[in-house]
Amino acid sequence: MKLALDFDGVCTDLNNKQVPVEKDAREKYLADPEHIIHSLPRHGLTEIISVFGLFGNIEIISSRPPEHEPYILQWLKYNKIDSFISYITCCDDESKVSVMELRGLDLLVDDSVCHVQGLFNTSRGLLWSTQSWLAILIEALNIFCKKQIASLKSDKNFILNSFKCVSNWGASPVLILSDLNGIKKKLRICVDMETRDRIVSFLLIANDGRFPHVAQLLDFYGLAVLKSYITGTPLMFCDNSLRHCFIKKVAIALAKLHDNFKTRIELKNIFLPLLKEEQNCLLICGADNRNTIITSDNNVVFIDLEACNYGSRWVDIAWSEELLCKNKKEREILINSYLSASKISLPSSKGKKLSELWFLKWLFAQLQKSIMIHNKNNELYHYYKYIKKKIENFKIR
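Residues numbered from 1 in each chain as written. Predicted model: local features only at pLDDT ≥ 70, side-chain atom pairs only at ≥ 80, totals over all residues. Heavy atoms only, no water.

1. Details of the sheet that holds strand β8 (residues 174-179)
- Strand order across the open sheet formed by 6 strands is β6-β7-β8-β9-β11-β10, with antiparallel pairing between neighbours. Here the strands that pair on one side only, and so sit at the sheet edges, are β6 (151-152) and β10 (217-221).
- As paired elements, strand β9 (residues 184-189) and strand β11 (residues 224-228) share 5 bridges and run antiparallel to each other. Note on β11: the bridge partner recorded for arginine 188 is valine 225.
- Packing against the sheet, helix α3 (residues 45-55) makes contact with β6, β7 (155-166), β8, β9, β10 and β11, and its axis sits at approximately 130 degrees to β10.
- In the packing of helix α8 (residues 193-208) onto the sheet, contacts are made with β9, β10 and β11, and the angle to β10 comes to roughly 150 degrees. (Pairing = 2+ DSSP bridges. Helix = DSSP H or I, 4+ residues; strand = E, 2+ residues; numbered from the N terminus. Contact = heavy atoms within 4.5 Å. Axes fitted to C-alpha atoms, helices over the stretch in contact; angles between N-to-C directions.)

2. A few points about the side chain of serine 151
- Along the chain, serine 151 falls in strand β6.
- The class of serine 151 is buried, set by a relative accessible area of 17%.
- Not counting the four nearest positions on each side in its chain, serine 151 is found in contact with Leu54, Phe55, Lys156, Phe158 and Ile159. (Buried < 20%, exposed > 50% of the residue type's maximum accessible area, 1.4 Å probe, protein only.)

3. Considering the environment of lysine 184
- Within the element layout of this structure, lysine 184 appears in strand β9.
- On a C-alpha basis, the gap between lysine 184 and threonine 231 in space is 9.3 Å, while along the polypeptide they are 47 residues apart.
- Those residues in contact with lysine 184, other than ones at most four positions away along the chain, are Ile176, Leu177, Ser178 and Tyr229.

4. Some thoughts on unusual backbone geometry
- Backbone geometry places cysteine 285, a non-glycine residue, at a positive phi of 45 degrees.
- A positive phi is found at asparagine 298, a non-glycine position, where the angle reads about 65 degrees.
- Topologically, asparagine 298 is positioned in the loop between β14 (292-294) and β15 (300-302).

5. Remarks on the packing of aromatic side chains
- Evaluation of the coordinates by the stated rule reveals 10 aromatic pairs.
- Taking the centre distance of 5.6 Å and the plane angle of 70 degrees together, the rings of phenylalanine 211 and phenylalanine 261 count as edge-to-face. Of this pair, phenylalanine 211 sits in the loop between α8 and β10 while phenylalanine 261 sits in the loop between α9 (243-260) and β13 (281-283), placing them 50 residues apart in sequence.
- Note on phenylalanine 211: relative accessible area 2%, which makes it buried.
- Counting every residue linked through ring pairs, the aromatic cluster contains Phe52, Phe55 and Phe144.
- Over the ring of tryptophan 128 we find arginine 42, and its NZ or CZ is 3.8 Å from the ring centre.
- The cationic tip of arginine 103 hangs over the ring face of tyrosine 87; the distance from NZ or CZ to the ring centre is 3.8 Å. (Phe/Tyr/Trp six-rings, centres within 6.5 Å; stacked < 30°, edge-to-face > 60°. Lys NZ or Arg CZ within 6 Å of the ring centre and 35° of its normal.)

6. Points about the sheet that holds strand β1 (residues 2-6)
- Read across the sheet, 5 strands follow the order β3-β2-β1-β4-β5 without closing on themselves; strand pairing throughout is parallel. Two strands bound the open sheet, and with one partner strand each, they are β3 (85-90) and β5 (125-127). Mean inter-strand twist for the sheet, computed between neighbouring axes without regard to direction, equals 20 degrees.
- Strand direction decides the pairing type here: strand β4 (residues 107-110) and β5, joined by 3 bridges, are parallel. By the bridge assignment, valine 109 is partnered in β5 with leucine 126.
- Sitting on the sheet, α3 touches β1, β2 (57-62), β3 and β4, and the angle it makes with β1 is about 165 degrees.
- Helix-sheet contacts for helix α5 (residues 96-103) involve β1, β2, β3 and β4, and the interaxial angle to β2 is about 150 degrees.

Next up, the structure:
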């Protein structure tokens, strides 16, 4: 696929305070190429580019004159987007429809109806006016599905036929993609590059070491991470009579991860401290009731790795004690099974309390990101306040 974006109003934000509102002043402002470098990126631009880039090459078509192209390229480089754009066309008075034909482009996203109205009948134009970036992305994916022209660059046999938005507490939107044969893949659009780097680094190490309890990393581009889709039932919906068995399997899987996947990877601002004489371990930070899946062969797989990290293994255990185990008996099964599988001893009582505090602070950091996205979710907000209060009242004896 070859996809195109308008520059002014699609790549840049024309609603910020720098751009005049009055028509003549606005046109004069936009006509001066020196103002381009001061333009702000439109919210959601990187997210859209990230998903589009999984399916094809991305170009820019602007109505600016050709001599403005260096200024656009300068803006792209300044905003670290230039590597995602394969070609720039400044078509001046030539119609964008003509450029679409000349360049063999499949879809144009523009903020001006006059540039895309000739493309509506053939589903080759999208008007991005006031919709959110996710809404315009969904419109684009619907076109991909309708025309069945979008194959993944990482898997040419996967032609997008349908998709589903998955709503959860996470800060990063998740889409389940399906092809013509019903094969599914999971797409996460990360909230920032720090989250993407953590997930990708974790999966590269885990997949390389054949750790069987997480998905396979299939591709990543910008903020987008594409993984294999895990079919199964969340542990929270499993029969209570089976919980003890599955909690034991969770403990064994965590021990396997912590014992065999040490890492010295340095990732900025996400380091969780170590207890004395500990080594860095990969951390799931998601072995809980929501994100532990029971597969058809009764294995446990951990999904939604937004919070994955590295540091003290006891942070992972504290996570599962709080968010997986429902009672004292389940916590005992978790700890005893983990110690048996790992052949190590519990940390000191102070070390255990420190790990619990680190877990709470890391969980709170994730909830802070989520609350910004899901600010109308009362259940999430109350949980956020609960964890905040727990940290404030935490004491290390």
